Amino acid sequence: MIRLEQVSKHFGTMVAVDRIDMEVPTGAVCVLLGPSGCGKTTTMKMINRLIPPTSGKIFLDGKDTTGVDEVSLRRSIGYVIQQIGLFPNMTVEDNICVVPDLLGWPRAKSRKRASQLLDMVNLDPSVFLKRYPKQLSGGQQQRVGVVRALAADPPVLLMDEPFGAIDPINREVIQDEFMKLQAELKKTIVFVSHDIDEAVKMATRIAIFRDGKLIQYDTPDNILAHPVDAFVSEFVGSDRTLKRLRLIKVTDAMMSDPPRVKAEDTLETAVRLMDEHGHVSVVMVGPRGRARGVVRHEVARDLKGLVGEHQEPLPGIVNIKDDLRSAVSQMFTHGVTWLACVDDDGFYKGYITQKSITQVLGTTYRDR
Amino acid sequence: METIAFIMANLPVIGQRMLEHVSLVGVSVGVAILTGVPIGILITQSRAWADRVLYVASVIITIPSIALFGILIPVLSLIGQGIGYLPAVIALILYAQLPIIRNTYTAIMNVDPALREAARGMGMTTLERLRRVELPLALPVIINGVRSAVVLNIAIGAIATYIGAGGLGTFISRGISQTDIRQLLTGALSVSLLAIIADYALLGAQRLMTSPGLRLR
Amino acid sequence: MAATGLQTAFRLLLITGVFACGAWFQANGLLPAILKHRSDVIYLIRQHLALAAVSGAIAIVVGIPLGVILTRPRFEMFADAVTQVVNLGTTIPTLALLALSMSFLGIGAPPVIFALFVLTLLPIVLNTIAGLRSVPQPLIEAARGMGMTPAQILRRVELPNAVFVILAGIRTALAINIGTVPLAFLIGGGGLGELIFTGIDLMEPSMLLAGAIPTALLAVFVDFLVGQIQFWLVPRGVNPLR
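Here the residue index of a chain counts from 1 through its sequence in written order. Following the order in which they are written, the chains are lettered starting with A and the ligands numbered starting with 1. The predicted origin of the model limits local features to residues at a pLDDT of at least 70 and limits the giving and counting of side-chain atom pairs to 80 or more, whereas totals for whole chains, interfaces and linings rest on all residues. Here the side-chain values reflect all heavy atoms present in the structure, with hydrogen atoms and water set aside.

Undergrad: Mind showing me how you'd approach the overall build of chain A here?
TA: When helices and strands are tallied, chain A shows 18 helices and 17 strands. Between the two quantities, the radius of gyration covers C-alpha atoms and the globule rule is 2.2 Å times the number of residues to the power 0.38. Here the C-alpha radius of gyration of chain A, 26 Å, is well above what a compact globule of 368 residues would show, namely 21 Å. By principal-axis analysis of the C-alpha atoms, chain A measures approximately 85 × 50 × 35 Å. Between buried and exposed lies partly exposed: a residue is buried under 20% and exposed over 50% of the maximum accessible area for its type, with that area taken using a 1.4 Å probe on protein chains only. The proportion of buried residues among the 368 residues of chain A is 53%. Using the Shrake-Rupley algorithm and a 1.4 Å probe, accessible areas are obtained, with residue cover drawn only from the displayed protein chains. Just so you have it, chain A exposes about 16800 Å², and 50% of that area is on carbon and sulfur atoms. Averaging the positions of the 48 positive and the 47 negative side-chain charges in chain A gives two centres separated by 5 Å. Only DSSP runs of H or I reaching four residues or more are called helices, and only runs of E reaching two or more are called strands; each is numbered from the N terminus. None of His or the chain ends enter the tally, which takes Lys and Arg as positive and Asp and Glu as negative. For charged residues, the charge sits on one atom: NZ in Lys, CZ in Arg, CG in Asp, CD in Glu.

The structure is reproduced here in structure tokens:
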């Protein structure tokens, strides 16, 4: 856990950071967000004392860092910078082992650790350990940069726009990989970014800075749903509601236990079911419950026979684990107002409509 | 032809002079490395001092060698060493300062600030940073400075014969005073050859001592 | 605070040093002895400067066009080879070059001027090539795109952007030149070297210093002068020093 108490930094007469109070719980990813010059980077660098605070205290796991020797403090905190900063004169292996070597770990132990870490970011140790940074692509270099920070297994990680220098496609991939890694390692992370999308994707907590002040510190959904002032709402963007779609899973917005029919049911049964629920169509499932097709009210009411003979293909399906963004995207792609929701095995779990999505987004607004 | 005959007949003497020359240059550059590299590192801490030190070193290097020898002779004759090895070595040490200090200084100043920040953020002390990051990165450039110093000092070392320091320049000075083309050419060729060989040898040393990670591309 | 303290200490040390030298010279009777050589010194300085000026001027007049020609497309293939040879040439010790020059041209001013010319030419050619090659390709493309002829591109784009590097070459070259002139005496070319070498041979410190001190000052002064010219002549936009 990291706690900042009334932390300020003055450069001459300029107040770069003004009396910040915040607490990052253990295992959380806290993204410091704001325009350039807002004090977010300075705040982060005060945690490992690359910049000494002018006043205030910073506690790591309840221990005041003011008294700790700054070199040993930094060795106990992982650090990743935007420029990556791999040492070009060292191999990937030696780069990863920098901190363990500084700490005097036995060589065998640190080298073994290096190869484990490379494995974790999907770089084959037998290929990459002995390479030099210049022989790696930008994305590979950044992966090495991240595992280098993890080498001595520090509980806390500071990351200064770590994915900023990578092209958009690779950035998504590396972000996803990093989230997977984090789910496993559960480090306490302070992450500087100026990209709201990145923040929404990675953060458990977002801290928004402006002119050295902490304006809002909250969960991503709350920041998007309830920006405290005009600055925050402008910063998160006029499309902030669309951004929230990313934060909500289909399973949280769908109608579960939906009505369903089977191929051998009669159309009469289907029509009755639709009337009962006030629906204009009903999903047909297979013998074990997989979504197979759909029967529309206007077709079924004028005909006789079995559902299986008059079903049509499903207009669109969405996985319950997807976020609402992909659900809405599906709806627009197929020009429909509802989607069948299935799990990984294709079992029919519910349906989601434009109306239900609006409702879910609306609840937090009505909470106020 | 005559020259070749002369060279063949005087091989031992040439070897002797060559040795004198190499020792003159070796000792002076050796001392200059021991002083120049630490000075080059130290002045990275202060822009004002860097300007000052580099200015003084660049003034020294513009002083013509024979003039510097000439100034050193009366000064050193106070301790009875006016002529010979000592003034030559001192002048050569002074001349070697600029290339070595300047290259050390610029190489360290040119280390990517991101690397310095990474090193600091990972908890390296100033000395650890110097040893593990800055010096390895600066090494090729520093060796280049040593290379210039060596080539420069081989050339100036030839002139040192006029103040009695021996070396390959002796053949040239005798050749001139005795209008003996054979000695003249022997001296000129051997000293040129020495310079060219030293130049390539140090280029090779630079390649060997540079981290393979820096050699790429 | 510590820096300014050091600074004053440094300055004090320098002044004391110069003062002590002067006092010592005076006490030795060295200063009056040096001043005895005044008329010789003035004559020799003239000769000294004439050797440097003639050889330097020829080298500049030959060197820059040579560098320009070697970067033109028709001759560019030779540029690398020439650079290699020139680099090798610069490792040849100056005394050796003078000696070689004497063995072909005999004694007197011509072999001296020839040797100095070669010494001076090399850095000028090298830097002219390097300077012209360092002009960013987009600038040349833009100029071509605006319809400039190759000659116009050279005069309006390439040379102005290369002028700093070219002048840096001239500065190095002239420093080498003026540093080598004292050796001219050895092959009968005159100059201040006369006093120095004779002073060494006769073990006469006053004569030695009467040659050595003006030689040193002259070299430092010429280098300073060329440095100033370089600083003020190169327009602000392409001058990294301004």
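Following the structure, the description resumes.
Undergrad: Would you take a moment to explain the overall build of chain C for this structure?
TA: Within chain C, the secondary structure is distributed over ten helices and zero strands. A compact globule built from 242 residues should have a C-alpha radius of gyration of about 18 Å, whereas chain C, at 22 Å, is more than 25% larger. In terms of overall dimensions, chain C has C-alpha extents of about 70 × 60 × 30 Å along its principal axes. Note on contacts: a residue pair is in contact if any heavy atoms of the two residues lie within 4.5 Å. If you take every contact in chain C between residues at least 6 apart in sequence, the share linking residues at least 24 apart comes to 73%. Surface exposure of chain C reaches about 12500 Å², of which carbon and sulfur atoms provide 72%. In chain C, 13 positive and 9 negative side-chain charges are present, and the distance between their average locations comes to 13 Å.

Undergrad: Can you walk me through the interface of chain A and chain B in this structure?
TA: Reports often express the size of an interface as the amount of accessible area lost when the parts come together. Counting from both sides, the interface comprises 24 residues of chain A and, opposite them, 22 residues of chain B. For the pair chain A and chain B, the summed buried area comes to about 2200 Å², and 62% of that belongs to carbon and sulfur atoms. Buried area: the accessible surface (1.4 Å probe) lost by two parts on joining, summed over both. When the buried surface of chain A facing chain B is broken down by residue, F87, N89 and K134 of chain A rank first, second and third, together holding 27% of it. One speaks of a salt bridge when a side-chain nitrogen belonging to Lys or Arg is within 4 Å of a carboxyl oxygen belonging to Asp or Glu. Inspection of the region where chain A meets chain B yields two salt bridges.

Undergrad: How should the environment of R182 of chain B be read in this particular structure?
TA: All names here are of chain B. Looking at the secondary structure, you find R182 in helix α9 (residues 181–209). The class for R182 is partly exposed, based on a relative accessible area of 30%. A sequence separation of ten residues divides R182 from I172, and the C-alpha atoms of the two residues are 9.4 Å apart. Setting aside residues up to four positions removed in sequence, R182 forms contacts with E2, T3 and F6.

Undergrad: Would you mind going over the interface of chain C and chain B with me for this structure?
TA: Chain C puts 37 residues into the contact, and the matching count from chain B is 33 residues. Between chain C and chain B, a total of about 3100 Å² is buried, with carbon and sulfur atoms accounting for 85% of that surface. The tally of links from chain C across to chain B stands at zero salt bridges. Polar contacts, as used here, are pairs of N or O atoms within 3.5 Å; protein pairs need one atom able to donate a hydrogen and one able to accept it. Residues neighboring in sequence count only if both atoms are side-chain atoms. Counting across the interface, chain C meets chain B through zero residue pairs in polar contact (both at pLDDT 80 or more). Looking at the side of chain C that touches chain B, the elements with two or more residues in it are α1 (2–28), α4 (76–91), α5 (94–105), α8 (150–180), α9 (193–202) and α10 (205–233) of chain C. Partitioning the side of chain C that touches chain B into residue classes produces 30 nonpolar, six polar and one charged. Residues are grouped as follows: Ala, Val, Leu, Ile, Met, Phe, Trp, Tyr, Cys and Pro are nonpolar; Asp, Glu, Lys and Arg are charged; all remaining types, including Gly, are polar.

Undergrad: Just to check I follow, could you spell out the side chain of S190 of chain B for this structure?
TA: Residues and elements named next belong to chain B. Within the fold, S190 resides in helix α9. Side-chain polar atoms of S190 contact the backbone oxygen of T186, separated by 2.7 Å. In contact with S190, not counting residues within four places along its chain, are L168 and L185.

Undergrad: Honestly, the sheet that holds strand β13 (residues 281–285) of chain A in this entry has me stumped. Any pointers?
TA: Hydrogen bonds between backbone atoms are what pair the strands of a sheet, whose relative direction is either parallel or antiparallel. Residue and element names in this part refer to chain A. Paired strands are those between which DSSP finds at least two bridges. Taken together, the three strands give an open sheet; going across it, the order is β12-β13-β14, and neighbouring strands pair in mixed fashion. Single-partner strands in this sheet number two, and they are β12 (260–262) and β14 (291–296). Direction aside, neighbouring strands of the sheet carry axes that sit 40° apart on average. Of the strand pairs in this sheet, β13 and β14 are connected by five bridges, and their pairing is antiparallel. Note that in β14 the partner of M284 across the bridge is G293. Angular values range over 0 to 180 degrees, each being the angle between N-to-C directions of two axes fitted as lines to C-alpha atoms, with helices fitted over their stretch in contact.

Undergrad: Is there a simple way to explain the arrangement of the chains in this structure?
TA: Counting contacts across all two pairs of chains that touch, the top pair turns out to be chains B and C. Nowhere do chain A and chain C come into contact; their C-alpha atoms are at least 18 Å apart.

Undergrad: Before we go on, may I ask you to explain the pattern of salt bridges in this structure?
TA: Residues and elements named next belong to chain A. With the rule as written, the count across this model stands at 31 salt bridges over all chains. In this structure, E5 and R3 form a salt bridge, with 3.1 Å as the shortest nitrogen-oxygen distance. The exposure class assigned to E5 is partly exposed, which follows from its relative accessible area of 32%. For R3, a relative accessible area of 23% puts it in the partly exposed group. A salt bridge links K201 to E172, with the shortest nitrogen-to-oxygen separation between them at 3.1 Å. In this pair, K201 sits in helix α9 (residues 196–202) while E172 sits in helix α8 (residues 168–185), placing the two residues 29 residues apart along the sequence. Given the relative accessible area of 35%, E172 is considered partly exposed.

Undergrad: Would you explain the domain arrangement of chain A in this entry?
TA: All the domain ranges listed were derived from an automatic or database domain assignment. Per the domain assignment, the segments making up chain A are domain 1 (2–242) and domain 2 (250–364). Taking only C-alpha atoms, the centre of domain 1 of chain A and the centre of domain 2 of chain A are 43 Å apart.

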